[in-house]
Amino acid sequence: SKITISKRAVTYTAGSSSKIYDSNPLTDTSAKLTSGSLVSGHTATFSISGSITNAGSITNTLNSVTIKNASGTDVSNNYDITKINGTLTVIRKSEASTGTCNTLTYNGSSQTLAGGAANASYSNNSGVDAGSYKVVVTAGGNYTFSDGTTSKTLTCDISKRAVTYTAGSSSRAYNSSALTNNSAT
């Protein structure tokens with residue numbers, strides 16, 4: 001009669017982590033035994049690859065699990081190992097600002113409508129003629145505005161240029177012909 005010893009089933013899950021963007025890479029080299037158990041005195045080590053710096057999510061890959069007995073001998077072949085990956089997430093940081101519209105008066109040349117944005121960029125940010133303009137402000141890839149959005153619209157104005165003309169004045173003694181003065185200053 002033949003005796004069969006089945007492999008011991010275990011499941012390891014790679015760590016999942018998240019943080020707000022800070023320009024440093026996010027890694028998580030942890031893994032947990034999420035199903036089954038090791039024989040007393042056995043320990044596991046892991047190879048995990050995953051690193052993300054900019055806003056977004058990636059897989060935290062559990063590449064390998066090595067199980068050793070108390071004397072340090074690799075006994076991984078005695079285990080049926082299931083590996084589950086984790087997730088690494090960098091969240092956009094709420095530090096973008098829209099800046100403000102510049103105070104502008106018509107001058108006949110192209111003018112920059114808004115300025116002072118932090119961690120954001122402008123589009124449609126110039127105008128020549130007097131009037132209202134819609135300037136789109138977009139938060140940089142790792143940032144949001146304080147309300148969590150990534151795009152804002154500013155309405156910026158170029159004011160009409162104030163001009164005052166004074167009609168010319170003339171006087172003379174009456175002579176029955178029309179008195180005219182076509183000058184202005």
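The following paragraphs examine the structure supplied in this document. (Residues numbered from 1 in each chain as written. Predicted model: local features only at pLDDT ≥ 70, side-chain atom pairs only at ≥ 80, totals over all residues. Heavy atoms only, no water.)

**Quick word on the sheet that holds strand β15 (residues 151–159)**
For step 1, the next point in the chain: If you walk across this open sheet you meet the four strands as β9-β15-β14-β12, and the pairing is mixed. Whereas interior strands pair on both sides, the edge strands pair on one side only; in this sheet they are β9 (104–105) and β12 (120–123).
For step 2, the next point in the chain: Sheet analysis places strand β14 (residues 131–139) next to β15, joined by eight bridges and oriented antiparallel. When the bridges of β15 are listed, T138 appears paired with S151. (Pairing = 2+ DSSP bridges. Helix = DSSP H or I, 4+ residues; strand = E, 2+ residues; numbered from the N terminus.)

**A closer look at the side chain of K19**
For step 1, the next point in the chain: Residue placement: K19 occurs in strand β2 (residues 17–20).
For step 2, the next point in the chain: Of the residues examined, K19 reaches a relative accessible area of 18% and is grouped as buried.
For step 3, the next point in the chain: Of note is the side chain of K19, whose polar atom sits 2.7 Å from the backbone oxygen of N24.
For step 4, the next point in the chain: For K19, the residues in contact, after removing those within four places along its chain, are N24, P25, L26, T89, V90 and I91. (Buried < 20%, exposed > 50% of the residue type's maximum accessible area, 1.4 Å probe, protein only. Polar contact = N/O pair within 3.5 Å; in protein donor to acceptor, adjacent residues only side chain to side chain. Contact = heavy atoms within 4.5 Å.)

**Brief notes about the pairing of strand β4 (residues 43–49)**
For step 1, the next point in the chain: Sheet analysis places β4 next to strand β5 (residues 56–68), joined by seven bridges and oriented antiparallel. Looking at β5, one finds that T45 is bridged to T66.
For step 2, the next point in the chain: Remark: six residues form the turn of the hairpin made by β4 and β5, two consecutive strands paired antiparallel.

**Brief notes about the sheet that holds strand β3 (residues 31–35)**
To summarise the sheet geometry, strands pair through backbone hydrogen bonds and adopt either a parallel or an antiparallel arrangement.
For step 1, the next point in the chain: Reading across the sheet, the three strands line up as β3-β1-β6 and stay open at both edges, with mixed pairing between neighbours. Edge strands, defined here as strands with exactly one partner in the open sheet, are β3 and β6 (79–84). Sheet twist, expressed as the average angle between the axes of neighbouring strands with direction ignored, equals 30°.
For step 2, the next point in the chain: Inspection of the sheet shows strand β1 (residues 8–14) paired to β6 by six bridges, in the parallel sense. (Axes fitted to C-alpha atoms, helices over the stretch in contact; angles between N-to-C directions.)

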